[in-house]
There are 2 protein chains.
Amino acid sequence: MKMLINVPETVVPDALRGFAAVHTDLTVDVERRVIVRRGAPYDGQVGLVSGGGSGHEPLHGGFVGRGMLTAACPGEVFTSPVPDQMVRAAAAVDSGAGVLFIVKNYTGDVLNFDMAAELAEDEGVQVAKVLVNDDVAVTDSLYTAGRRGTGATLFVEKLAGAAADEGAPLDRVAAIAHQVNEVSRSFGVALSACSTPSKGGPTFDLPEGELELGVGIHGEPGRERRAMMTSGEIADVAVDAVVEDLRPDAPVLLLVNGMGATPLLELYGFAAEVHRVLAARKVAVARTLVGNYVTSLDMAGASVTICQADEELLRLWDAPVSTPALRWGC
Amino acid sequence: MKMLINVPETVVPDALRGFAAVHTDLTVDVERRVIVRRGAPYDGQVGLVSGGGSGHEPLHGGFVGRGMLTAACPGEVFTSPVPDQMVRAAAAVDSGAGVLFIVKNYTGDVLNFDMAAELAEDEGVQVAKVLVNDDVAVTDSLYTAGRRGTGATLFVEKLAGAAADEGAPLDRVAAIAHQVNEVSRSFGVALSACSTPSKGGPTFDLPEGELELGVGIHGEPGRERRAMMTSGEIADVAVDAVVEDLRPDAPVLLLVNGMGATPLLELYGFAAEVHRVLAARKVAVARTLVGNYVTSLDMAGASVTICQADEELLRLWDAPVSTPALRWGC
């Protein structure tokens, strides 16, 4: 497997050096692996900190900036960051208004963010946490007890970030984050495995002519393997899975997310099919985002995330955001 | 080769249906394959029309909107759009101030845009054209007499689009477009071949352990094949190629572009190496864009484009833009 890298051991710091060179409006501590919005802490504003294994870019570093995350902690590829990163991030972004940790539900992340929260509180930082567990495909999986956290992370970070940007207090920002997770559901599909730099090849075996329904963002097993399906058939399965589980009674925010290697041309065609199935299920779509936002390195495939949006969430979605990967209104 | 599609024959219209469903601020004629900025024509503003084969997304449809293209004409995958699309687009965006055709240098595109220009002028639309030919890898290639048009297209569309947005007349908008092309250079590298829907598999053969230096955006042959290189070694070759050819004496705009399947994690690491080589060559970087902007379906690899920017081009780069794929300042 050919990769555009130097050596597997330096993939994450190499990427952080690039991130620092390109995004000069962010503060990137390459050695300690913390990305912070320049100017933080912001007086009276709750700080939002997230992080997780690398390989899901632009998540999370690409979402640091006004109206979204205040800091991100990248771990090694598909490996949780360590508590020290999170504690540093919390200290860097706390204005006294407290910090919200946004944690995807993987055992390593959960343990490390828990430990970091204790350490940060020992240092006088008030910490709230939200656990993102939106993936309806399976309960309990490789790396995870309960449901995995995937695409809804983007919605949690954007909507809670908008509330923080408006000066909402910690309990309100945390309540919005919890609400967003409660009303969000995801389902992913893999057409090919992903390859990690350390392994140098595919992390699992997906035979030619088959796909994996309900795959995780590290290539964890999903619900089942089937013979290759059309875009329309895949949309039927993915949308049914999220709609059956959530049963939305209001318009949704929709993320049609690429896993990494699927061309945008295909993603837009898939988005058309997802819209078709949602319309047939009488689910109105308020906003749609199409692109590679929560990826699995070079995996081919896509995921669908819906988030039921009341007036307030819709307003927060439309609020200004200025990050490397998501930007509007400012 | 597994693809997220229905059938190969409907890949482009399927994608356009998705594009129409998602980008409700654009007018998408799925049947006639023309994407137009809503509200066009804009009084007194020059219209910018581009187009080309599909498979390079977000180019060009993703660049329609305020401060960039007024319309785009997508062809079949890796196939020029037809003159009828361009004539319709020109008629839709002409406010009386004229229209600029932005044409990548591939024989089919050149012939069809030439014919469309004649037809549009017969209908009373004043048309200027700019030919983008920034790829320094080879002269004459599959599909192309002279140099191929690649990453500089983004710079031409953004900078000429900003001038049009400010109300510059056609001769000025065209002059900026020509200037941008003159001071831009690109060089691309493939780590894997791309697969077209019609072929259903790789369009060329790139053995394991080898890369193609100077590849074209349709997988056309480049300068040479070599045993796999590190990210740093690739940056040395790519940056040397563009700097030797342009010999910039002012800061540059830099595009570190993914071909489609290369993870963003790798692209940022590559961006760090590109910055390193440019610094060693005493070339200052004014702005950098990293991401998948001018792609080759699911090809793994990257390209480097530099554009020497005087004060005026820098100002136009920073001017507001609001399109699906590029957005800031508004």
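Predicted model only: the values in this text are computed from it and were never measured.

A.B. asks: How do you make sense of the pairing of strand β3 (residues 47-54) of chain B when you look at a structure like this?
C.D. replies: Side-chain positions along a regular strand alternate between the two faces of the sheet. Residues and elements named next belong to chain B. In terms of residue burial, β3 counts as a mostly covered element, since eight of its eight residues are buried. The pairing of β3 with strand β5 (residues 99-104) spans four bridges and is classified as parallel. Pairing of G47 across the sheet is with V99, part of β5. Bridge count for β3 against strand β4 (residues 71-77) is five bridges, and the pairing is parallel. Its bridge partner lying in β4, S50 is registered against A72.

A.B. asks: Looking at this structure, I do not really get helix α8 (residues 311-318) of chain A. What am I missing?
C.D. replies: Each α-helix turn comprises 3.6 residues. Residues three or four places apart therefore point the same way. All names here are of chain A. All of the buried residues in α8 are L313, L314, L316 and W317. Projected onto a plane normal to the axis of α8, the buried residues spread over an arc of 160° and lie on a single side. Against α4 (152-165), α5 (170-182), β12 (252-258), β13 (285-291), β14 (301-308) and β16 (327-328) lie the buried residues of α8.

A.B. asks: Mind showing me how you'd approach empty space enclosed by the protein here?
C.D. replies: Take a probe with the size of a water molecule and roll it over the atoms, and the empty space left behind shows itself. Scanning all chains against the criterion turns up six cavities of 30 Å³ or more. Space inside the largest cavity adds up to approximately 90 Å³. Forming the walls of the largest cavity are 15 residues, and the residues nearest its centre are R37, Q45, V46, M68 and T70 of chain A. With three residues, the top contributor of residues to the lining of the largest cavity is α4 of chain A. A class-by-class count of the residues in the lining of the largest cavity yields seven nonpolar, six polar and two charged. In this structure, the second largest cavity spans a volume of roughly 60 Å³. If you trace the second largest cavity, you find it lined by S231, L265, E266, G269 and F270 of chain A together with L4, I5, N6, V11, D14 and A15 of chain B. Of all the elements in the fold, those that place two or more residues in the lining of the second largest cavity are α7 (264-280) of chain A together with α1 (11-22) of chain B. With four residues, the top contributor of residues to the lining of the second largest cavity is α7 of chain A. Classifying every residue of the lining of the second largest cavity by side-chain character gives six nonpolar, three polar and two charged.

A.B. asks: I tried to follow the relation of the copies chain B and chain A on my own but got confused; where do I start?
C.D. replies: Applying a rotation about an axis and a shift along it to one chain copy brings it onto the other copy. With an RMSD of 0.0 Å, the fit of chain B onto chain A corresponds to turning through 180° and sliding 0.0 Å along the axis. On this basis, the relationship between the two copies can be described by a two-fold rotation axis. Closest to the rotation axis within chain B is the C-alpha of A261 of chain B, separated from it by 2.0 Å. By residue overlap, the copies meet face to face through one surface: 100% of the interface positions of chain B are interface positions in chain A.

Rules and cut-offs
Residues numbered from 1 in each chain as written. Chains lettered and ligands numbered in written order. Predicted model: local features only at pLDDT ≥ 70, side-chain atom pairs only at ≥ 80, totals over all residues. Heavy atoms only, no water. Buried < 20%, exposed > 50% of the residue type's maximum accessible area, 1.4 Å probe, protein only. Helix = DSSP H or I, 4+ residues; strand = E, 2+ residues; numbered from the N terminus. Pairing = 2+ DSSP bridges. Arc of directions from axis to C-beta. Contact = heavy atoms within 4.5 Å. 1 Å grid on protein atoms, 1.4 Å probe; cavity = no way out; pocket = protein on both sides within 12 Å on 5 of 7 lines; lining within 4 Å. Points joined across faces, edges and corners; volume = space filled by probe spheres on them. Nonpolar A, V, L, I, M, F, W, Y, C, P; charged D, E, K, R; others polar. Least-squares fit on C-alpha atoms with pLDDT ≥ 70 in both.

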